[in-house]
Amino acid sequence: MTNIILDIDNLVVSLGKNPSGQRIIDGVSLQVREGETLCVVGESGSGKSVTSLTVMGLLQKGALVPTGGSVKLVGEELLIATERRLRQLRATRMAMIFQEPMTALNPVVPVGRQIDEVLRAHTDLDARARRQKILAMMEHVRLPDVERIFASYPHRLSGGQRQRIMIAMALVLEPKLLIADEPTTALDVTTQKQILTLIRDLQRDHGTAVLFITHDMGVVAEIADRVAVMRHGRLVETGTLDTILRTPTMEYTRNLLSSVPSLVPRAPRAETDEPVVLEANELGKVYRERSFFGKAREVAAAKDVTLTLRKGRTLGIVGESGSGKSTVARCIVRLIDPTSGGVRLAGREISDLSRRLLQPHRKKIQIIFQDPYRSLNPRVTVGETIAEGPINYGMPRAEALAKARELLELVDLPADAVSRYPHQFSGGQRQRIAIARALALDPDVLVADEAVSALDVSVQAQVLELLDEIQKRLGIALLFITHDLRVAAQICDDVAVMQHGRIVEQGPAAQVLTHPQQAYTKALLDAAPGRGWDFANFRPVEVAAD
Amino acid sequence: MLGYLLRRILAAIPVMGVVALFVFLLLRLTPGDPAAILAGDNATPEQLERIRTTLGLNEPLYTQFFTWIGKLLQGDLGTSLISNVPVLTMISRRIEPSISIALSTIVLAILVAVPLGVIAAWKHGTWIDRFVMGLSVVGFSVPVFVIGYLLIQIFAIDLRWVPVQGFRSITAGFGPFFERIILPTCTLSFIYVALIARMTRAAMLDVLGEDYVRTARAKGISETGVLLHHALRNAAVPVITVIGTGFALLISGVVVTESVFNLPGIGRLTVDAVLARDYPVIQAMILLTSLIYVTVNLLIDLAYTLLDPRIRY
């Protein structure tokens, strides 16, 4: 039996100092052994991040307080440790990497110096030795051109490079425990795969114990030795990776796994000869950066994008960040103006219409955005938000509000939600409101720009189901922008894969996602985490294929 | 960087041009005869004619403008109508007290306010925070002259530590200069401490919630290191903006303080000129104030690029 590095026993974290206050973490026990990866999975609000911050002693002072249980790091109790002792332990015995490499690094300090701070705080090495050690560590996490990156500011680096810097910073003093809080969630799949491999390799070389927090079952399947499922601050169940994925005992775990969309595309729907409602012809968008003296710099965000969408069908645009998929969506809806090419909506060219002439066509195409927490005006009631569009197009107010009620029922929300404000709803409910708002104008085309990406899997599954049902009922055409191939596989009839502003491959989802022709599509599919598992059926994919 | 500086200085030229045009038109477009305005109510026709010829008021407007601008660029700001002294001489006599007080006030205010703001944000929600914020409200709400007279009463009259009022040039020795400048500096600092401390606290509170501050803590570096190296530098941009505009305000006019301490600064020069309708002086003061604001804004923008590597022009 290997050494237990982290031993959390019956941990209770309460809101405020009062032990009888609301319990955010309620009796959680976890153990992580040397060289082992324990994945803590759960949906938002399950308490997985609070658990990790408790271990690091980084809970917000006074707001969240550990009121019971114990947390032992290599036998040393952390809950009673002084602030000074905790500071000593951080980076030397336990280290942490975070979700957002974009914001986790100080933007005004070169990254080399940020790593250097760790060494200055915890070692007596001189400047030369520190620099040597940092450069070696940076090479170890497979950063290229380390001398240049050492002196670079974070904004000069890519997301993957920043996360490598975070990992270098966390592991430079070879801590016993690495806590990784959703370290790959903000990264593209191909980068995610590299980072997961890196963490795996470093762990193998150094015997680090890893507490890996994630909401993504795919990532769990890639990296975990053991899995702990959390919900509402309690532990649902723990077990080895195989046990949890194959024979979960708890209902919640089974539901969680069943909600994970499969990478195997759904059964294709019959081709239709319904009219084409949306066409993009060689659509292009070039951004020009004007400069006072120098030559203007041009960036082609989208180039020669040609798409066709028929009534009642779903076309997915998939690609990594910066591939131009959102630019295309925004050009099609004319939120931004394309620089070349055309967009035909129900047979009418709209790419060159003036704002005023575009007005009557706007209602035919509506868009749902990614973040339901920011896309609804917090000071306007849900009813007003939904009714605003129809009122703009001349519908009497009372009629528009009545329609808002109907639409809310259509998206499975109570009709009395009209008089409430967005903050009174959960993320999934807000996305339903956003869908109702988009439907209020009876559009022919609905554009969903990463519309389910910010949602937990179980909520995601419900919203996808809702979109599917609405499509069947109203015959709407759906343009679905996503980075998530699993989601694309479950909702799209056709898929267009984008890279660097161009479409690299396009065709029926069943074909593109199972027999990709282009190297990039293959790489994307290959990088999709947990591609070997058919989560919903609790078995590996190879078996499912038989 | 140098290119950016050059571009910004070039961009300031049209701004100053517009101000100059406005200043020029100020007199010419005021209803009535400019000469009559300048000469006052009891002028004789001969005096009016003399003013018209000296100022070239009989020439076409554009010729007048270019003649005026030409003189301006050579440093000829005209002559005061009241004292007959060249305006440039009047300003140069008055500028030392103003700049001295502005500089010492802003330095004192920064030294006091930034630490106060940092501590208030760090101890957010505690009595320290509430105390600093309370102090800031007092600083904002007590009128400058009340603070001024209070300080005079205590330190000049009762304790006799410093002279009641007046100004000595620094060329006459640091002691006498310092004695006379310390009370007005403290008086003015009050409101600036309030302003800067409040701004620093707000900016620090924003920054302390950022992910990179959490990262810094996770590294196990000391709390001072977290506050000063990671948080304060990121919080500096809005604070610098307030300090910069505050400084410009200080140079161009602290009339009340100048009056209370009987300081011969440019604030009082401006007010006197306005009351006496001494147009050449008023025009010069508007130009000077604009120049100060343009320069300070330029310095603020430069400070941004130094503080935040993401800002590049």
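Residues numbered from 1 in each chain as written. Chains lettered and ligands numbered in written order. Predicted model: local features only at pLDDT ≥ 70, side-chain atom pairs only at ≥ 80, totals over all residues.

Chain B carries the name ABC transporter permease in an unreviewed UniProt entry, which gives Bradyrhizobium archetypum as its organism. Under Sequence similarities (unreviewed entry), UniProt gives the following word-for-word description of chain B: "Belongs to the binding-protein-dependent transport system permease family." For chain B, the Subcellular location (unreviewed entry) comment in UniProt is given as "Cell membrane". (UniProt positions renumbered as here; feature names shortened; annotations may be inferred.)

For chain A, the name recorded in an unreviewed UniProt entry is ABC transporter ATP-binding protein, with Bradyrhizobium archetypum as its organism. Listed in UniProt under the heading Subcellular location (unreviewed entry), the comment for chain A reads: "Cell inner membrane". Under the Function (unreviewed entry) heading, UniProt states for chain A: "Involved in beta-(1-->2)glucan export. Transmembrane domains (TMD) form a pore in the inner membrane and the ATP-binding domain (NBD) is responsible for energy generation."

## Focus on helix 12 (residues 266-275) of chain B
Of the residues making up helix 12 of chain B, those classed as buried are Ile 266, Gly 267, Arg 268, Leu 269, Thr 270 and Ala 273 of chain B. Structurally, helix 12 of chain B contributes buried residues whose contacts are with helix 5 (87-122), helix 11 (255-260) and helix 13 (279-307) of chain B. (Buried ≥ 20, exposed ≤ 12 C-beta atoms within 10 Å, placed from the backbone. Helix = DSSP H or I, 4+ residues; strand = E, 2+ residues; numbered from the N terminus. Contact = placed C-beta atoms within 7 Å.)

## Considerations on the interface of chain B and chain A
Contact with chain B, which involves 20 residues of that partner, is made by 25 residues of chain A. Going through the elements one at a time, helix 9 (211-218) and helix 10 (223-252) of chain B are the ones with two or more residues in the side of chain B that touches chain A. For the side of chain B that touches chain A, the element with the highest residue contribution is helix 9 of chain B, accounting for seven residues. Of the residues belonging to the side of chain B that touches chain A, the class tally is six nonpolar, five polar and nine charged. (Nonpolar A, V, L, I, M, F, W, Y, C, P; charged D, E, K, R; others polar.)

## Topic: the domain arrangement of chain B
Residues and elements named next belong to chain B. With domains assigned, chain B is organised as domain 1 (1-74) and domain 2 (87-307). Taking the mean C-alpha position of each, domain 1 and domain 2 sit 33 Å from one another. Counting residues at the interface gives 13 residues for domain 1 and 12 residues for domain 2. Contributions of two or more residues to the side of domain 1 that touches domain 2 are made by helix 1 (2-28) and helix 2 (34-39). When residues in the side of domain 1 that touches domain 2 are grouped by element, the largest group, 11 residues, is from helix 1. Within the side of domain 1 that touches domain 2, the residues separate by chemical class into 12 nonpolar, no polar and one charged. (Domains from an automatic or database assignment.)

## Side note on the nonpolar core
Within the largest apolar cluster, 199 residues are counted, with the highest numbers of intra-cluster contacts made by Ala 168, Val 172, Leu 177, Leu 211 and Leu 479 of chain A together with Ile 196 of chain B. Apart from residues lying up to four places away in sequence, Leu 479 of chain A is in contact with Leu 278, Leu 309, Leu 315, Ala 329, Ile 332, Val 445 and Val 447 of chain A. Ranked by size, the runner-up nonpolar core spans nine residues in total, among them Val 87, Ile 266, Ala 273 and Val 281 of chain B. (Core = buried A, V, L, I, M, F, W, Y, C linked by C-beta atoms within 7 Å.)

## Overview of the sheet that holds strand 9 (residues 226-231) of chain A
Residue and element names in this part refer to chain A. What the six strands build is an open sheet, ordered 6-7-8-3-9-10; its pairing is mixed. With one partner strand each, in any of the chains shown, strand 6 (94-97) and strand 10 (234-240) form the two edges of the open sheet. Pairwise comparison of adjacent strand axes, ignoring direction, gives a mean angle of 15 degrees for this sheet. Bridge count between strand 3 (residues 37-41) and strand 8 (residues 209-214): five bridges; the pairing is parallel. Within strand 8, the residue paired with Thr 37 across the bridge is Val 210. Here helix 6 (residues 159-171) sits on the sheet and contacts strand 6 and strand 7 (177-181); the angle it forms with strand 6, its principal contact strand, is near 170 degrees. (Pairing = 2+ DSSP bridges. Axes fitted to C-alpha atoms, helices over the stretch in contact; angles between N-to-C directions.)

## Quick look at the environment of Arg 288 of chain A
Residue and element names in this part refer to chain A. Structurally, Arg 288 can be placed in strand 11 (residues 276-289). On the neighbour-count criterion, Arg 288 (10 C-beta atoms within 10 Å) is exposed. Considering only alpha carbons, one finds Arg 288 and Glu 298, 10 residues apart in sequence, at a separation of 4.6 Å.

## Structural notes on the UniProt feature "transmembrane region" (unreviewed entry) in chain B
UniProt feature "transmembrane region" (unreviewed entry): in the numbering of this structure it lies at residues 9-27, 99-122, 134-157, 177-197, 235-261 and 281-307 of chain B. The span residues 177-197 of chain B is 100% helical and 0% strand by assignment, and the distance between its end C-alpha atoms comes to 28 Å.

## With respect to the environment of Arg 268 of chain B
All names here are of chain B. Structurally, Arg 268 is set in helix 12. For Arg 268, a count of 21 C-beta atoms within 10 Å translates into the label buried. Beyond its immediate stretch of four places on either side in the chain, Arg 268 contacts Val 255, Glu 258 and Ser 259.

## A few points about the sheet that holds strand 19 (residues 494-499) of chain A
All names here are of chain A. Pairing is mixed across the open sheet formed by six strands, whose spatial order is 16-17-18-13-19-20. Each edge of the sheet is formed by a strand with only one pairing partner; in this case those strands are strand 16 (365-368) and strand 20 (502-508). Each adjacent strand pair in this sheet contributes to an overall mean axis angle of 15 degrees, direction not counted. By the bridge criterion, six bridges tie strand 19 to strand 20 in an arrangement that is antiparallel. Following the sheet pairing, Met 498 is matched in strand 20 by Ile 503. Running over the sheet, helix 11 (residues 325-332) touches strand 13 (314-318), strand 16, strand 17 (445-449), strand 18 (477-482) and strand 19 and is turned about 150 degrees from strand 18. Strands in contact with helix 19 (residues 519-527) are strand 19 and strand 20; relative to strand 19, the strand with the most contacts, it is inclined by about 100 degrees.

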